[in-house]
Amino acid sequence: MPQTIGIPKETYAGEKRVAISPDVVEKLIKLGFAVQVESGAGEGASFFNDALAAAGAKVTDAADIYATSDIIFKVREPDLNEVAKLKQGSTLISFIWPAQNPDLMKALAAKKVTVLAMDCVPRLLSRAQKMDALTSMAGIGGYRAVIEAANAFGRYFNGQITAAGKIPPAKVFIAGAGVAGLAAIGTAAGLGAIVRANDTRGEVADQVKSLGGEFVKVDYEEEGSGGGGYAKVMSEGFQKAQREMYAGQAKDVDIIITTALIPGKPAPRLITAEMVKSMKPGSVIVDMAAERGGNCELTEPDKAVVKYGVTIIGYTDLASRLAKQSSTLYATNLWRLTEELCKAKDGQIVVNMEDDAIRGFTVIKDGEITWPAPPLKLPAPPAPKAAAPVVKPEEKKSGAGQAIMVLIAAVLFALIGLTAPAAFIGHFTVFVLAVFVGYMVVWNVTPALHTPLMSVTNAISSIITIGALLQVAPPPAPGRLDFPILVIAVVGIALTSINTFGGFAVTRRMLMMFHK
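My aim in this report is to walk through the structure given alongside it, one point at a time. For clarity, every value in this text was computed on a predicted model and none was experimentally measured.

Focus: helix α11 (residues 323–341)
Link 1 in the chain: For α11, spanning 19 residues, the distance from its first C-alpha to its last is 26 Å, which sits close to the expected 27 Å at 1.5 Å a residue.
Link 2 in the chain: Residues of α11 that are buried include every one of Ala323, Ser326, Ser327, Tyr330, Ala331, Asn333, Leu334, Trp335, Leu337, Thr338, Glu340 and Leu341, and no others.
Link 3 in the chain: Those residues of α11 that are buried are in contact with α1 (22–30), β4 (71–73), β5 (91–94), β6 (114–117), α6 (133–153) and α12 (356–361).

This is the structure:
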């Protein structure tokens, strides 16, 4: 019998997202599941009851959802009241944050349920990236952070030159160039701001530059890459150098957006009260880490406050402020996860603990806490290639062979010159030179350039075409075999025409590669 997936309305204050969309309802039904949604659950994301019902979902109340659902989809981690409603033996798929919620983990284990945490998806596995809800939500949050900053800033992001005077572009500094930071960089640069960014992981510098930002390096050598694609806690020496760099940026820029988080730990403090005091009046700080304690010392979660003339935004619902977009992406992540759990497409999920991806985000299995997952068994790095053997340059061959070839060619030319008509000699000489030049030009071109070379040969082909056209209707000549020449000329016209049109087609395709 197929299992039932239930989607209750989020009870967290101000949360507008929902763990389903009409499109995903249809896809889950195709996998064999029955889907039921609490009435009004999708209204905050503009997914109304009639659209969900039309997609095949049953619209019911919360009591029915928790009593009859085998699988529960949620966005936010459940509170203890919601835990009490869970059916024993059911499966909960949601954000959980097990390191920050030990009491919640114990309560869920006591209900003998299986819990899959969307925040624990192993991001290093390529096949798990389609289920990576953290990345989906972080990208939306980074975009929204820039929009909130622009709203509070009260000035153009891009520079303007008007009759009333020149307006300089805004300067934006982004602390942390993970998914959220990169989304913020692209958005701010797209609005015309001067964008700078910093991250403890030096490898993201190229990504920052590719999005139109400038990477600001800390004057201290230390690698900051941690496990799972996150940053790690840095040494005190690095942190001191980083604070000095941040202090300099705070005095110069108009907007600071902080995104720094470390799994299982409070958000690192990057912006001190002294740095805030040094910022220009009217500046803005958007602290995307407010929910985990904040990167700014003066951040107040879920509030926008003004201190020392600087607006400090600590909203913890940035993704929820784009509820329709974030719900669509999150529901798609859940559908992809369900595909992995239900490969038979029979409406039954199988939590295979031998699968690295599934094991990674299974934090409770049938009431037993299985978090944290064991380290991933990543493939060993390829062994360094052995040094290529040194090939000694070939000794130049003796010139005797070449001399013999030249002698034979000279004898053949002499025989042809003695027996052939004078007019033939001129044409034959041009033919031999054309073959030699063509060979030297084409065969000495690297194979990677053969395709663009085809477009250049149009000029040569047109010359051949003109010569063949002249032979189709030549001036009368006594004793001339017109028919064989006519056949050769027609064949030549056909072949060179194909080559010419083909060259133009190749050229057009090459140019289209550079069009957006």
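What follows continues from the structure just given.
Considerations on a nonpolar patch on the surface
Link 1 in the chain: A cluster of nonpolar side chains, namely Val472, Phe483, Leu486, Val487, Val490, Val491, Leu495 and Ile498, defines an oily patch on the protein surface of about 720 Å² accessible area.
Link 2 in the chain: Element by element, the count of residues in the nonpolar patch is highest for helix α17 (residues 482–512), at 7 residues.

Comments concerning unusual backbone geometry
Link 1 in the chain: With an omega of 0°, the peptide bond running from Trp371 to Pro372 counts as cis.
Link 2 in the chain: Inspection of the secondary structure puts Pro372 in the loop between β17 (368–369) and α13 (399–419).
Link 3 in the chain: Positive phi, normally seen in glycine, also occurs at Tyr308, with a value near 55°.
Link 4 in the chain: Topologically, Tyr308 is positioned in the loop between β14 (304–307) and β15 (310–313).
Link 5 in the chain: The class for Tyr308 is partly exposed, based on a relative accessible area of 48%.
Link 6 in the chain: Its identity is not glycine, yet Lys345 carries a phi of approximately 55°, on the positive side.
Link 7 in the chain: Inspection of the secondary structure assignment puts Lys345 in the loop between α11 and α12.

Concerning the packing of α6 against helix α7 (residues 179–190)
Link 1 in the chain: Across the interface, α6 lies against α7 with an axial gap of 7 Å and an inter-helix angle of 40°. Of the two elements, α6 crosses α7, and the hand of that crossing is right-handed. Across the interface between the two elements, Thr135, Ala138, Gly139, Gly142, Tyr143 and Val146 of α6 pack against Val179, Ala180, Ala183, Ala184, Thr187 and Ala188 of α7.

So, the sheet that holds β4
Link 1 in the chain: Taken in spatial order, the 8 strands make up an open sheet running β3-β2-β1-β4-β5-β6-β16-β17, and their pairing is mixed. Every other strand in the sheet has two partners, leaving β3 (58–60) and β17 as the edge strands with one partner each.
Link 2 in the chain: In this sheet, β6 lies alongside β5 in parallel orientation, the contact comprising 4 bridges. Its bridge partner lying in β6, Ile93 is registered against Leu116.
Link 3 in the chain: Across the sheet, α11 touches β4, β5 and β6, and the angle it forms with β5 is around 140°.

Focus on the pattern of salt bridges
Link 1 in the chain: Following the criterion strictly, the structure yields 26 salt bridges and no others.
Link 2 in the chain: Put simply, Lys307 and Glu300 hold a salt bridge, and the shortest N to O gap is 3.2 Å.
Link 3 in the chain: Ionic pairing is found between Arg321 and Asp317, a salt bridge with its closest N-O pair at 2.9 Å.
Link 4 in the chain: Judged by relative accessible area, which is 31%, Arg321 ranks as partly exposed.

Regarding the sheet that holds β15
Link 1 in the chain: With mixed pairing, the 7 strands of this open sheet are ordered in space as β11-β10-β9-β12-β13-β15-β14. Both outer strands of the open sheet, β11 (214–215) and β14, are each paired with one neighbouring strand and no more.
Link 2 in the chain: Where strand β10 (residues 194–198) meets β11, 2 bridges bridge the pair, whose relative direction is parallel. Looking at the pairing, Ala197 lines up with Phe215 of β11.

A look at the nonpolar core
Link 1 in the chain: Core analysis: the largest hydrophobic core is formed by 65 residues, its most contacted members being Ile7, Ile20, Leu28, Phe73, Ile93, Leu108 and Tyr330.
Link 2 in the chain: Looking at which element gives the most residues to this core, the answer is α11, with 7 residues.
Link 3 in the chain: Once residues within four sequence positions are removed from consideration, Leu108 is found in contact with Val83, Leu86, Leu92, Ile96, Val113, Val115 and Ile364.
Link 4 in the chain: Core analysis: the second largest hydrophobic core is formed by 29 residues, Phe153, Ile174, Leu182 and Ala205 among them.

What to know about the pairing of strand β12 (residues 255–258)
Link 1 in the chain: Burial along β12 is two-sided: Ile255 and Ile257 facing one way and Ile256 and Thr258 facing the other are all buried.
Link 2 in the chain: Two strands pair when backbone bridges link them, and strand β9 (residues 171–175) and β12 are joined in this way by 4 bridges, in the parallel orientation. Its bridge partner being in β12, Ile174 is matched across the sheet by Ile257.
Link 3 in the chain: Relative to strand β13 (residues 284–287), β12 runs parallel, the two being bridged by 4 bridges. By the bridge assignment for β13, Ile257 is matched with Val286.
Link 4 in the chain: Traced from β12 through helix α10 (residues 273–278) to β13, the parallel crossover comes out right-handed.

Focus: the packing of α6 against α11
Link 1 in the chain: Packing of α6 against α11 leaves a shortest axis separation of 9 Å and a crossing angle of 170°. With respect to their mutual orientation, α6 and α11 come out roughly antiparallel. The handedness of the crossing between α6 and α11 is right-handed. Along its contact with α6, which presents Ala133, Ser136, Met137 and Ile140, the element α11 presents Gln325, Ser326, Leu329, Tyr330 and Asn333.

Digging into α7
Link 1 in the chain: Relative to the 16 Å expected for 12 residues at 1.5 Å per residue, α7 spans 17 Å between its end C-alpha atoms, a close match to the ideal helical length.
Link 2 in the chain: Residues of α7 that are buried include every one of Ala180, Gly181, Leu182, Ala183, Ala184, Ile185, Thr187 and Ala188, and no others.
Link 3 in the chain: Just downstream of α7 lies Gly192, where phi reads positive at about 100°.

Comments concerning the environment of Ile488
Link 1 in the chain: Structurally, Ile488 can be placed in helix α17.
Link 2 in the chain: Assessed through its relative accessible area of 62%, Ile488 is described here as exposed.
Link 3 in the chain: Residues Ile488 and Ala468 lie 20 residues apart in sequence; the distance between their C-alpha atoms is 8.1 Å.

Calculation rules
- Residues numbered from 1 in each chain as written.
- Predicted model: local features only at pLDDT ≥ 70, side-chain atom pairs only at ≥ 80, totals over all residues.
- Heavy atoms only, no water.
- Helix = DSSP H or I, 4+ residues; strand = E, 2+ residues; numbered from the N terminus.
- Expected span 1.5 Å × (residues − 1).
- Buried < 20%, exposed > 50% of the residue type's maximum accessible area, 1.4 Å probe, protein only.
- Contact = heavy atoms within 4.5 Å.
- Patch = residues over 30% accessible without salt bridge, like charges linked within 9 Å, V, L, I, M, F, W, Y side chains within 5 Å.
- Areas by Shrake-Rupley, 256 points an atom, 1.4 Å probe, with all protein chains shown as cover.
- Salt bridge = Lys/Arg side-chain N within 4 Å of Asp/Glu carboxyl O.
- Axes fitted to C-alpha atoms, helices over the stretch in contact; angles between N-to-C directions.
- Left-handed = near helix turned anticlockwise from the far one by under 90°.
- Pairing = 2+ DSSP bridges.
- Core = buried A, V, L, I, M, F, W, Y, C linked by side-chain atoms within 4.5 Å.
- Right-handed = clockwise from strand over helix to strand, strands pointing away.
- Parallel < 35°, antiparallel > 145°, perpendicular 65-115°, else oblique.

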